[in-house]
Protein chains: 2
Amino acid sequence: MKVNGIIWNCFLLLILNPNKNLMLKEERQHAILNEVELHNRVLLTDLAEKLDVSIDTVRRDVKELDAENLLTKVHGGAVSLGFVNHSPARSNVYALDKKVGIAKKASTLLRNNSVILIDGGTTCLELARLLPTNIKLTCFTLSLPVAMELLGKPNVETIFIGGTLSRDSQIAVGANTINALAQIKVDYSFIGTGYVDAEFGLTEFDWEVVQTKKAVINASKKTVLLCISEKLNSQHRFKTCDLNVISTMVTELEPWDKKLDAFKNMNIQLL
Amino acid sequence: MKVNGIIWNCFLLLILNPNKNLMLKEERQHAILNEVELHNRVLLTDLAEKLDVSIDTVRRDVKELDAENLLTKVHGGAVSLGFVNHSPARSNVYALDKKVGIAKKASTLLRNNSVILIDGGTTCLELARLLPTNIKLTCFTLSLPVAMELLGKPNVETIFIGGTLSRDSQIAVGANTINALAQIKVDYSFIGTGYVDAEFGLTEFDWEVVQTKKAVINASKKTVLLCISEKLNSQHRFKTCDLNVISTMVTELEPWDKKLDAFKNMNIQLL
DNA sequence: AAATATATTGCAAAAAACAGCAATATTTAA
DNA sequence: TTAAATATTGCTGTTTTTTGCAATATATTT
C-alpha cells in the first residue's frame, strides 16, 4: 500500500515538523546553529532525525558551519564554539568566583585577636588571600600555599604546623603533624573537603589527609567547612567526620537555597 | 493497522532506548576536566564508572588532555595543573648564575638515602631546584620556597620543620622550630648566611634567624655553607657561629682562588 | 619477591566520515 | 516558457575514528 504509506508519512511529518516542506538549506543550518547554541552540543543523528534529512546532509551542513567558524564539528556531532578547551589561557582556579564569594562570607566570622587555622585547598587559599587587613589574627596552617599567602598579611602571625609534606595536596601530614596539632586549640578552623554528603558526612580521596583533617577538627573549638555546592551529595572512600561536628558550612549559595535542604535540620549554621 | 504499528514502534523505541546516554568525546573530556578541577585529583577507575565508559577510554581521554596541557596525568589518575605547576617566575635573583654554580657543586656531596636539611635563602633555593633526580633523599627544611620546590622532586621526601614564620626570610623560626630541630640529626645541612668573615665567623642581621641557624647546625653531623664570594669578609650584628663548625664551604670560586686564602688553613673543605 | 594495580599494545566491532555517483531540485539563459 | 547548467540531496562502498577487550608489560605496594 504505497499510497497509504506515503500519506501516512506526510501526516507524520506534518505533525512532528510542520514546516518541513519549506526547509531550505539556509533554514536548516540556522536550525542547527540554534540547536547547538541551546544545548552546547548536538549529535548528527539527532539532527538528521529532527530535521528529517539524511545524515549526510546534516554532516555537510555542519561541515560548512564549521568552515564558517560558527560552531565546532566533532566526531559524531558538533559543539558550540566555547565548549572545546583549546586555549591555554585559562584561569588557574576552578570556579574562582564562587570560591571568592565563599571566602568573603567566611571571613565575616573573624574577630580581632582570633586564633584560627586554615586548611589547604583552593577555597581555603582564597580565604587566606581575602583575610581582612584590619583584624589582627594568629593563624595556623598546614598548607604551603596558604602559608605563602599569609606571609603577605602584615596583621597576621603565621605558624606553620610542620610534618611530612604531601606532594599532591601540598599540606603537612603524618604523625608529626598530628602530634603538633594535638597541642593547640584554635577558635575557628576553616577546612575544605573533597566530598560532602548530608548522610555520609565529609569524605576524602586520601587516607593520610583524612587523619590530618581529623586532628585539625580536634584542635578547633569550632570547625567551619568551606565548600562549593558542586561537591554536595558526593562521597569517596575515606571518612573524615560526620556533619554534626561542623559548626558552620559556607557555600556560594544563599542559605535558603533548595540545594541545601538536606543540611537544614542538622544544627549547622549555613552561610 | 499500519498506524498502530508505527505508533507502537515509536513507543518501543522510547522505552527501550530512552536517551542512549550517548556522549561526545568532547563532552566527556569536558566532564573529566571538570571533575579534576573540582576535586584536584581523580582516579581513572572512578571516572570510568561515573561516565559509564571503559577505563581505556578514560585513559585515552586523560592522555589527550594531558597532551593539551589541561591537566596532569599521573599513575592511576589525573591531577589538576595547579598542583604541579609551581611556575617559579624567579625574575630578580641576584647573581643567579653564581648561585646555580654553587648549587651544582654542593649537590656532588649527596649520596643515595642521605638525610639532609636545606635552609632558606636564594642560594639554598637553587640547590633545592637542582637536586639530582637519581638520588633518593630525605630532606628537611624550614623554608617555604624550598619546600615548594622540593615537592616537585619525585625522589625526595620532604619534611617541613614547623614554627612561626618569619615574614621576610620566609622560614620557620622561634621556640617551636628550635624544639623540633633538637630532635633530629641529619647527615648534611646546607645553610646560607647573611655575612661571613674568616675571623668573626657567620653573622646575621636578624636575631631570630640566628637562633634558628644555631639549632640547624646542632641538628647536623656536617654543615655545608653555601655563599657567594661577595659576602666574604663582611659581618653584622648577631653571630651564628664560628667558621670551625663549618665542614664545607661552597662558593662560585675555584677552591684555589686567592680570595679564599683566609679560609685555607681552617680545616674547612673548600668546593 | 610476590601480589596487586595500572599501562601499553594489538586487535576487532561498531560508528562515523568520506568520496563518488545518480536522482532530484533550483537557478540561469535563451 | 523551456532547456541547459548548476546545486542539492541521498545512496553506496570504502576508509577512518572510536571504543572495548585481552594479553602482556610495567609500576606500586606488601
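Residues numbered from 1 in each chain as written. Chains lettered and ligands numbered in written order. Predicted model: local features only at pLDDT ≥ 70, side-chain atom pairs only at ≥ 80, totals over all residues. Heavy atoms only, no water.

Novice: I tried to follow the pairing of strand 5 (residues 137-141) of chain B on my own but got confused; where do I start?
Specialist: Side-chain direction in a regular strand flips from residue to residue, so the side chains alternate between the two faces of the sheet. Residue and element names in this part refer to chain B. Among the 5 residues that make up strand 5, 4 are buried, leaving the element largely enclosed by the rest of the structure. At this point the chain moves from strand 4 (residues 114-118), through helix 6 (residues 122-130), to the parallel strand 5, and the crossover so formed is right-handed. The handedness of the strand 5 to strand 6 (residues 156-160) crossover, carried by helix 7 (residues 144-151), is right-handed. (Buried < 20%, exposed > 50% of the residue type's maximum accessible area, 1.4 Å probe, protein only. Helix = DSSP H or I, 4+ residues; strand = E, 2+ residues; numbered from the N terminus. Right-handed = clockwise from strand over helix to strand, strands pointing away.)

Novice: What's the story with the protein's contact with DNA strand D in this structure? I'm lost.
Specialist: Close to DNA strand D lie 16 residues, the nearest being Arg28, Thr57 and Arg60 of chain A together with Thr57 and Arg60 of chain B. The share of sugar and phosphate among atoms of DNA strand D within 4 Å of the protein is 62%. One nitrogen or oxygen atom from the side chain of lysine 25 of chain A is found 3.0 Å from a phosphate oxygen belonging to DNA strand D. Within the contact set of DNA strand D, a base nitrogen lies 2.7 Å away from a side-chain nitrogen or oxygen of arginine 60 of chain A. Those elements giving two or more residues to the surface near DNA strand D turn out to be helix 2 (25-39) and helix 4 (55-67) of chain A together with helix 2 (25-39) and helix 4 (55-67) of chain B. Considered class by class, the residues forming the surface near DNA strand D number 2 nonpolar, 6 polar and 8 charged. (Near = heavy atom within 4 Å. Polar contact = N/O pair within 3.5 Å; in protein donor to acceptor, adjacent residues only side chain to side chain. Nonpolar A, V, L, I, M, F, W, Y, C, P; charged D, E, K, R; others polar.)

Novice: Explain the protein's contact with DNA strand C here, please?
Specialist: Near DNA strand C you find 17 residues, and of these Arg59 and Gly76 of chain A together with Arg59, His75 and Gly76 of chain B are the closest. Expressed as a percentage, the sugar and phosphate content of the atoms of DNA strand C within 4 Å of the protein is 79%. Here a phosphate oxygen of DNA strand C sits 3.2 Å away from a polar atom, N or O, in the side chain of lysine 73 of chain A. Valine 74 of chain B is positioned with one of its backbone polar atoms (N or O) 3.2 Å from a phosphate oxygen of DNA strand C. Every element with two or more residues in the surface near DNA strand C is listed here: helix 4 and strand 2 (72-74) of chain A together with helix 4 and strand 2 (72-74) of chain B. The residue makeup of the surface near DNA strand C, split by class, is 4 nonpolar, 5 polar and 8 charged.

Novice: Please explain the environment of arginine 237 of chain B as it appears in this structure.
Specialist: Residue and element names in this part refer to chain B. Secondary-structure assignment places arginine 237 in the loop between strand 12 (220-226) and strand 13 (238-241). According to the relative accessible area criterion, arginine 237 is exposed, its value standing at 57%. A sequence separation of 31 residues divides arginine 237 from aspartate 206, and the C-alpha atoms of the two residues are 8.2 Å apart. Discounting chain neighbours no more than four positions away, the residues touching arginine 237 are Glu204 and Phe205. (Contact = heavy atoms within 4.5 Å.)

Novice: Quick question: what am I supposed to make of the sheet that holds strand 13 of chain B here?
Specialist: Within a sheet, each strand pairs with its neighbour through backbone hydrogen bonds, oriented either parallel or antiparallel. Residue and element names in this part refer to chain B. Taken in spatial order, the 3 strands line up as 10-11-13 in an open sheet, and their pairing is antiparallel. The outermost strands of the open sheet, each flanked by one partner alone, are strand 10 (195-197) and strand 13. On average, each strand axis in the sheet is inclined to that of its neighbour by 35°, with strand direction left out of account. Pairing geometry for strand 10 and strand 11 (residues 201-204), over 3 bridges, is antiparallel. The partner of aspartate 197 across the bridge, within strand 11, is glycine 201. In this fold helix 9 (residues 207-218) packs onto strand 11 and strand 13, with an angle of close to 10° to the strand it touches most, strand 13. (Pairing = 2+ DSSP bridges. Axes fitted to C-alpha atoms, helices over the stretch in contact; angles between N-to-C directions.)

Novice: Just to check I follow, could you spell out the confidence of the model for chain A for this structure?
Specialist: Any region with low pLDDT has predicted coordinates that should not be read closely. Residue and element names in this part refer to chain A. For chain A, per-residue confidence averages 85 on the pLDDT scale, and 87% of positions sit at 70 or higher. Mean pLDDT in chain A bottoms out at helix 1 (residues 2-16), which sits at 36, and peaks at strand 12 (residues 220-226), which reaches 97. Within the model, the stretch residues 1-22 combines pLDDT values under 50 with 10 contacts to residues more than four positions away or in other chains. (pLDDT = per-residue confidence, 0-100.)

Novice: Looking at this structure, I do not really get the pattern of salt bridges. What am I missing?
Specialist: Oppositely charged side chains can pair when the atoms bearing their charge come close. All names here are of chain A. Evaluation of the coordinates by the stated rule reveals 20 salt bridges over all chains. Lysine 213 serves as the salt-bridge partner of aspartate 119, at 2.5 Å between the closest nitrogen and oxygen. Highlighted residues: aspartate 119 in the loop between strand 4 (114-118) and helix 6 (122-130) and lysine 213 in helix 9 (residues 207-218), separated in sequence by 94 residues. Residue classification places aspartate 119 among the buried residues on the basis of a relative accessible area of 2%. According to the relative accessible area criterion, lysine 213 is buried, its value standing at 7%. In this structure, arginine 129 and glutamate 126 form a salt bridge, with 2.8 Å as the shortest nitrogen-oxygen distance. Placement of the pair is arginine 129 and glutamate 126 together in helix 6, with a separation of 3 residues, close to one helical turn. (Salt bridge = Lys/Arg side-chain N within 4 Å of Asp/Glu carboxyl O.)

Novice: Mind showing me how you'd approach the sheet that holds strand 6 (residues 156-160) of chain A here?
Specialist: The 9 strands lie next to each other as 15(A)-14(A)-12(A)-9(A)-4(A)-5(A)-6(A)-7(B)-8(B), forming an open sheet whose pairing is mixed. Edge positions in the sheet fall to strand 15 (269-270) of chain A together with strand 8 (172-173) of chain B, since each has one partner strand and no second. Across 3 bridges, strand 4 of chain A lies against strand 9 (residues 186-191) of chain A in parallel orientation. For isoleucine 118 of chain A, the partnering residue across the bridge sits in strand 9 of chain A and is phenylalanine 190 of chain A.

Novice: Sorry if this is basic, but what is going on with the packing of aromatic side chains here?
Specialist: Each aromatic ring pair is summarised here by two numbers: the centre-to-centre distance and the angle between the ring planes. For the structure on display, the rule yields 3 aromatic pairs over all chains. Their ring planes at 45° and their centres at 4.3 Å tell us that phenylalanine 160 of chain A and phenylalanine 160 of chain B sit as a pair that is tilted. Taken together, the residues span two chains, with phenylalanine 160 of chain A in strand 6 and phenylalanine 160 of chain B in strand 6. You'll find phenylalanine 160 of chain A and phenylalanine 160 of chain B in the same group, each marked buried. (Phe/Tyr/Trp six-rings, centres within 6.5 Å; stacked < 30°, edge-to-face > 60°.)

Novice: What am I meant to see in the pairing of strand 5 (residues 137-141) of chain A here?
Specialist: All names here are of chain A. Where strand 4 lies against strand 5, 5 bridges are found, and the strand directions are parallel. Paired with valine 115 across the bridge in strand 5 is threonine 138. Where strand 5 meets strand 6, 5 bridges bridge the pair, whose relative direction is parallel. Bridging across to strand 6, leucine 137 finds its partner in valine 156.

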